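Fold and geometry: a report
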Amino acid sequence: MSMMLQRRAVLSAGLAALSLATVGGGPAFAQAARIRLLWWGSQERADRTNKAIAAFKQVKPDVNIAGEFAGWSDYWPRLATQVAGRNAPDLIQMDYRYIFEYARRGALAPLDDYLGKALKIDDFGKPNIDSGRVDGKLYGINLGVNSSSVFFDAAAWEKAGVKAPAAGHTWEEFAKNATEFGKNKPKPGYYATADASGVEPSFENWLRQQNKSLFSDQGGLGYDAKDAGDWFTMWAEMRKAGACVPADIQALDQLNIESNALTTGKAATAFAHSNQFVGYQALNKAKLALTSYPKVTKDAPSGHYLKPSMLMSVANGSAGIDAAVDFINFLVAVPEGVDILGVERGVPASEAMRNQLSPKLNDVSKAMVEYIAQITPDVGALPPAPPPGAGEFAFVLKRTSEEVAFGRLTPEQGGKQLVTEAETVIKRK
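Residues numbered from 1 in each chain as written. Predicted model: local features only at pLDDT ≥ 70, side-chain atom pairs only at ≥ 80, totals over all residues. Heavy atoms only, no water.

1. What to know about the confidence of the model for the chain
The pLDDT averaged across the chain works out to 91; a share of 92% of its residues lies at or above 70. Taken together, the stretch residues 1–10 has pLDDT below 50 and engages in 20 contacts with residues farther than four places along the chain or on a different chain. In this model, residues 16–32 is a region of pLDDT below 50 whose contacts with residues beyond four sequence positions or in other chains number 29 contacts. (pLDDT = per-residue confidence, 0-100. Contact = heavy atoms within 4.5 Å.)

Quick look at the structure:
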């Protein structure tokens, strides 16, 4: 059985178990005085989250929150395993790709009854509140707004004597400049950019620039094998030209900050979510800058959209739901909690919280907020609701891109395989 199928089996089993467990007696959740929180992210996020938990304890001394975290690649199997073992955490950091699947299986508690009461999020604005809705009910609270972005070591690009990534550049210009960087690299074994052919937000942004999408309104794929093949071809050409890291280096990236080629000192550029800028800078000695994605043509759409960087949900049947909701409100609507999280999980959705936080931000956080402000005039609409199984697509794309990079598949074959496996994942439900 392939790793993708094993991962899919774990996720499916976990969701099915929770769906059954929430009918009747319910899972063995912790008592209301002790709730569990599970999240993904870097050590920077863990430090901020644990500090927020400690601060909340001062406000609610009768509530104990036990936290645990994992990297993105390990998070979803861990969550599914806990669900399958009837041991789901009370508080679940949730992603837009997964919330529809979890909510529709009865895994998450609707939070509508708390609006205007324990959840004081009226000034989030309708789009930011609705980003946590599934079929009209509220299952997740927006922890921050972000978008896809490009991070880079400006000094390294300057040392190579090449123009650094900048808003308005095309992919052709980016590839040309990255190739020149490779010819004038500041040090051996160093490349202009990480290989983003296996990075889901990068592929999605590139598709959106061509008025296509990862998923259609009908729940199918919004692109075809030729599109995927063209994407892999673009990166194969950069790889061959020495513009991006080779396959063996890129394969070490486990879709987290710590293992990205920018952080490990193998590349001067990375493609990531804007809220991760704080975490990347914390782990990189060089001063980083950020900008928008290159475009397929000068007059193409930007491909960007504003999304909930992540949401906070509560497990259906949690005995500690009131305490869990209080903690969510502390994170998004109470100045002390908002100050602790800063913008590491995204720019606060609340206008009042943004205004009170902004003067306290350091230069790194301010750069991230300014980036969101800069791209906002040109962003497109939020993509269609992802179909069941959409959360697995990131792993399918990563594995397929690696097969192409190592030469086991041609870009064209990779495009066909990606479509076949992506369709299998979303139809398996």
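2. Examining unusual backbone geometry
Residues other than glycine seldom take positive phi values, yet D135 does so here, at roughly 55°. For D135, the position within the fold is in the loop between β4 (133–134) and β5 (137–138). A relative accessible area of 60% means that D135 is categorised as exposed. If you check the backbone angles, L255 has positive phi at about 60° while not being a glycine. Here L255 shows up in the loop between α10 (247–250) and β9 (269–273). (Helix = DSSP H or I, 4+ residues; strand = E, 2+ residues; numbered from the N terminus. Buried < 20%, exposed > 50% of the residue type's maximum accessible area, 1.4 Å probe, protein only.)

3. So, the pattern of salt bridges
Across all of its chains, the model carries 20 salt bridges by this definition. Here D130 ties to R133 by a salt bridge, and the two come within 2.9 Å at their closest N and O atoms. Judged by relative accessible area, D130 falls into the partly exposed class, the value being 27%. Note on R133: relative accessible area 23%, which makes it partly exposed. When salt bridges that share partners are traced, they join D112, K126, D130 and R133 into one network. (Salt bridge = Lys/Arg side-chain N within 4 Å of Asp/Glu carboxyl O.)

4. Description of the side chain of Q209
Within the secondary structure, Q209 sits in the loop between α8 (200–208) and α9 (225–240). Residues contacting Q209, with those up to four places away along its chain left out, are W171, Y293, P294, K295, V296, A300, P301, S302 and G303.

5. Thoughts on the sheet that holds β9
Read across the sheet, three strands follow the order β9-β8-β10 without closing on themselves; strand pairing throughout is antiparallel. Here the strands that pair on one side only, and so sit at the sheet edges, are β9 and β10 (288–291). Neighbouring strand axes in the sheet, compared pairwise and without regard to direction, differ in orientation by 30° on average. Summarising the sheet, strand β8 (residues 148–153) and β10 pair through four bridges and their orientation is antiparallel. Across the sheet, residue V150 finds its bridge partner in β10, namely T291. (Pairing = 2+ DSSP bridges. Axes fitted to C-alpha atoms, helices over the stretch in contact; angles between N-to-C directions.)

6. A few points about the packing of α8 against α9
At a minimum axis separation of 11 Å, α8 and α9 run at an interaxial angle of 115°. Considering how the two elements wind past one another, α8 and α9 form a crossing that is right-handed. Packed against α8, whose contacting residues are S202, F203, W206 and L207, the element α9 presents D227, A228, D230, W231 and M234 at the interface. Looking at the contact of α8 with α9 residue by residue, the class counts come to six nonpolar, one polar and two charged. (Left-handed = near helix turned anticlockwise from the far one by under 90°. Nonpolar A, V, L, I, M, F, W, Y, C, P; charged D, E, K, R; others polar.)

7. Looking at the sheet that holds strand β1 (residues 34–40)
An order of β2-β1-β3-β12-β6 is seen for the five strands of this open sheet, with the pairing classed as mixed. Across the chains shown, the open sheet's two edge strands, defined by having one partner strand only, are β2 (64–70) and β6 (141–142). Relative to strand β12 (residues 311–314), β6 is paired through two bridges, and the arrangement is antiparallel. Within β12, the position partnered with I141 by the bridge is M312. Contacting β1, β2, β3 (91–94), β6 and β12, helix α12 (residues 321–333) runs over the sheet at an angle of about 170° to β12.

8. Considering the packing of aromatic side chains
Inspection of every chain in the model, using the stated rule, returns 35 aromatic pairs. A ring pair is formed by W40 and Y75, whose centres lie 5.1 Å apart and whose planes are at 70°; its orientation type is edge-to-face. Highlighted residues: W40 in strand β1 and Y75 in helix α3 (residues 72–84), separated in sequence by 35 residues. By the burial criterion, W40 is buried, and Y75 matches it. Over the face of the ring belonging to Y191 we find K185, whose NZ or CZ atom lies 4.1 Å from the ring centre. If you follow K187 out to its NZ or CZ, it ends over the ring of Y190, 4.7 Å from the centre. (Phe/Tyr/Trp six-rings, centres within 6.5 Å; stacked < 30°, edge-to-face > 60°. Lys NZ or Arg CZ within 6 Å of the ring centre and 35° of its normal.)

9. Some thoughts on the pairing of β3
Where burial is concerned, the two faces of β3 agree: the one with L91 and Q93 and the one with I92 and M94 are both buried. Examined bridge by bridge, β1 and β3 share two bridges and lie parallel to one another. Residue pairing for β3: L38 is matched across the bridge by I92. As paired elements, β3 and β12 share four bridges and run antiparallel to each other. If you follow I92 over to β12, its bridge partner there is S313.

10. Side note on the pairing of β1
Burial within β1 is extensive, with six of its seven residues counted as buried. Bridge count between β1 and β2: seven bridges; the pairing is parallel. Considered in β2, the bridge of L37 is made with G67. Taking the sense of rotation as the criterion, the β-α-β connection linking β1, helix α2 (residues 43–59) and β2 turns out right-handed. (Right-handed = clockwise from strand over helix to strand, strands pointing away.)

11. A short note on α3
In this model, α3 (13 residues) spans 19 Å end to end at C-alpha, consistent with the 18 Å of a helix rising 1.5 Å per residue. Backbone geometry just after α3 places R86 at a positive phi near 55°. (Expected span 1.5 Å × (residues − 1).)

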